[in-house]
Amino acid sequence: MSQQTEPAPEATERAIGIFLYGVVPSDVEPTEDARGIGEPPGKVSLISQGEIGALISEVPLDRPLGRPAELRTYERLLDGTAVVAPVLPVRFGAVLTDADAVRDLLETYHDEFLAALNELEGRIEYAVRGRYVERVLLTEVLEENAEVQRLRDQIRDQPEELTVNLRMRLGEIVNQAVELKRNNDTQRVVDVLAPLSEQVVIRPATHEEDAANVALLVRTERREEVEDAVRRLAEEWSERVTVRLLGPLAPYDFVAPLEPGT
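The numbers attached to residues start from 1 for each chain and follow its sequence in the written order. In keeping with the predicted nature of the model, local features appear solely for residues at pLDDT of at least 70, side-chain atom pairs appear and are counted solely at 80 or more, and the whole-chain, interface and lining totals rest on all residues. Excluding hydrogens and water, the side-chain values take into account all heavy atoms of the structure.

**A few points about the overall build of the chain**
Here comes step 1: Elements are defined by DSSP. Helices are runs of H or I of four residues or more, strands are runs of E of two residues or more, and each kind is numbered from the N terminus. Looking only at helices and strands, the chain features seven helices and nine strands.
Here comes step 2: For the radius of gyration, the atoms used are the C-alpha atoms, and the globule rule reads 2.2 Å times the number of residues raised to 0.38. In terms of overall size, the chain is more extended than a compact globule, its C-alpha atoms giving a radius of gyration of 26 Å where 262 residues would be expected to give roughly 18 Å.
Here comes step 3: Reported as C-alpha extents along the three principal axes, the dimensions of the chain are approximately 90 × 70 × 30 Å.
Here comes step 4: Each of the 262 residues in the chain was classed as buried or not, and the buried ones make up 41%.
Here comes step 5: Contacts between residues were defined by any pair of non-hydrogen atoms, one from each residue, lying within 4.5 Å. A sequence separation of at least 24 residues applies to 75% of the contacts in the chain between residues at least 6 apart.
Here comes step 6: Residue-level accessible areas treat just the shown protein chains as cover; the underlying method is Shrake-Rupley with a 1.4 Å probe. As displayed, the chain has an accessible area near 15500 Å², and 48% of this comes from carbon and sulfur atoms.
Here comes step 7: Residues scored as positive are Lys and Arg, those scored as negative are Asp and Glu, and His as well as the terminal groups of each chain are ignored. In this description, the location of a charge corresponds to atom NZ of lysine, CZ of arginine, CG of aspartate or CD of glutamate. The chain carries 29 positive and 50 negative side-chain charges, and their two centres are separated by 7 Å. Working definition: with a 1.4 Å probe on protein chains only, accessible area under 20% of the residue-type maximum means buried, over 50% means exposed, and in between means partly exposed.

What follows is the structure, encoded as structure tokens:
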């Protein structure tokens, strides 16, 4: 007797959502080759409502978002857009159900979004980050602080178990000295670049050897001035601080990221 085979179940269709990158003027046109997150990468398009629109791409809903490559793709799209048009970043990971939900969001907040975009017209963000050269930093702290020298001499050649308190005290003083240096060097960055910027934001340190972490909102016509000023600062600090200029960037530090519900 022959065995009857069961028909193969139909493949279930993947649930798809709309990933939001940012809000832009409605006349912004994504390039034909613009791609967003996903595997394969989703094609980026614009959903318009009135005078504004949202940069979006379709994403499957069967796996979580947040891999480093996806975050880089999100930032790359927003940063590239900011060079040619104002953009309001949407917090990474915002996914709406469909195009109608996107239009409803744009309609509800149309005037607020449009006003914010108008304020950003012709402006982009730069970030200036400085990282101390560790050897030079420690030498400066030692030479500038007599108590550090005294404690170091007390600890030298002593068993570690006998100098626990002294080592803790030494660490506290060094940390305080580095913090003071960071404050002074950050202020130096602000003094140099604030006159060339619309707004300045001092970001918190993310590493113990950070010398400065400052965000600037800059008019596009002053980009070259800002880049030259940072170059001169890097030359001034060449022996003690490694200076990096990041940008142009989307204005992450100068607008509250939009957080639409899912």
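**Observations regarding the pairing of strand β1 (residues 16-25)**
Here comes step 1: For β1, the tally of buried residues reaches nine of 10 residues, placing the bulk of the element in the interior.
Here comes step 2: By definition, two strands form a pair when at least two bridges between them are found by DSSP. Where β1 meets strand β3 (residues 52-60), nine bridges bridge the pair, whose relative direction is antiparallel. By the bridge assignment, V23 is partnered in β3 with A54.
Here comes step 3: Across two bridges, β1 lies against strand β5 (residues 95-96) in antiparallel orientation. The residue bridging F19 from the neighbouring strand is V95, located in β5.
Here comes step 4: Bridge count for β1 against strand β4 (residues 88-89) is two bridges, and the pairing is antiparallel. When the sheet's bridge partners are listed, G22 is paired in β4 with P89.

**Here we look at the sheet that holds strand β8 (residues 210-219)**
Backbone-to-backbone hydrogen bonds pair the strands of a sheet. The strands run either parallel or antiparallel.
Here comes step 1: Taken together, four strands build an open sheet; the order of strands is β7-β8-β6-β9 and the sheet is antiparallel. For this open sheet the edge positions go to β7 (199-202) and β9 (241-249), each flanked by a neighbour on one side alone. Averaged over neighbouring strand pairs, the angle between their axes works out to 20° when direction is ignored.
Here comes step 2: Where strand β6 (residues 123-132) meets β9, seven bridges bridge the pair, whose relative direction is antiparallel. Within β9, the position partnered with Y132 by the bridge is V241.
Here comes step 3: Fitted lines through C-alpha atoms serve as axes, helices being fitted only where they are in contact, and the angles separating the N-to-C directions of these axes extend from 0 to 180 degrees. Of the strands in this sheet, β6 and β9 touch helix α1 (residues 68-84), which is tilted by about 70° from β9.

**Topic: the side chain of H110**
Here comes step 1: Examined against the element boundaries, H110 turns out to sit in helix α3 (residues 110-120).
Here comes step 2: Each polar contact in these results corresponds to two N or O atoms within 3.5 Å; when the atoms are within protein, one needs to be able to donate a hydrogen and the other to accept it, and residues that are neighboring in sequence are counted only if both atoms are side-chain atoms. Of note is the side chain of H110, whose polar atom sits 2.9 Å from the backbone nitrogen of E51.
Here comes step 3: When neighbours within four sequence positions are excluded, H110 is seen to be in contact with Q49, G50, E51 and I52.

**Details of the nonpolar core**
Here comes step 1: Here, nonpolar core refers to any group of buried Ala, Val, Leu, Ile, Met, Phe, Trp, Tyr and Cys residues whose side-chain atoms link them within 4.5 Å. Y21, V189, L193 and L216 are the most contacted members of the largest nonpolar core, which totals 47 residues.
Here comes step 2: Here this core takes eight residues from helix α6 (residues 164-193), the largest share from any one element.
Here comes step 3: Residues L96, L105, F113 and L120 belong to the second largest nonpolar core, which totals 23 residues.

**Points about the packing of aromatic side chains**
Here comes step 1: Here a Phe, Tyr or Trp ring, Trp counted by its six-membered ring, pairs with any other such ring whose centre lies within 6.5 Å, and the pair is stacked when the planes are under 30 degrees apart, edge-to-face when over 60, and tilted otherwise. Taken as a whole and assessed by the stated rule, the structure comprises four aromatic pairs.
Here comes step 2: On the numbers, 5.6 Å between centres and 65° between planes, the contact of F19 with F92 is edge-to-face. Note that F19 is positioned in strand β1 and F92 in the loop between β4 and β5, a separation of 73 residues in sequence.
Here comes step 3: Arranged with centres 5.2 Å apart and planes meeting at 80°, the rings of Y74 and F92 form a pair that is edge-to-face. A residue pair is termed long-range when its members are at least 10 positions apart, and Y74 in helix α1 and F92 in the loop between β4 and β5 qualify at 18 residues.
Here comes step 4: Judged by its relative accessible area of 5%, Y74 falls in the buried class.
Here comes step 5: Chaining the aromatic ring pairs together yields one cluster made of F19, Y21, Y74 and F92.

**Thoughts on the pattern of salt bridges**
Here comes step 1: Salt bridge, as used here: a side-chain nitrogen of Lys or Arg that lies within 4 Å of a carboxyl oxygen of Asp or Glu. Applying the stated criterion across every chain, the model contains 18 salt bridges.
Here comes step 2: Residues D100 and R103 are paired through a salt bridge, measuring 3.3 Å at the closest nitrogen-oxygen approach. Separated by three residues within a single helix, D100 and R103 lie in helix α2 (residues 99-108), roughly one turn from each other.
Here comes step 3: Residue D100 is classed as partly exposed on the basis of its relative accessible area, which comes to 49%.
Here comes step 4: Here D210 ties to R131 by a salt bridge, and the two come within 3.0 Å at their closest N and O atoms. Placement of the pair is D210 in strand β8 and R131 in strand β6, with a sequence separation of 79 residues.

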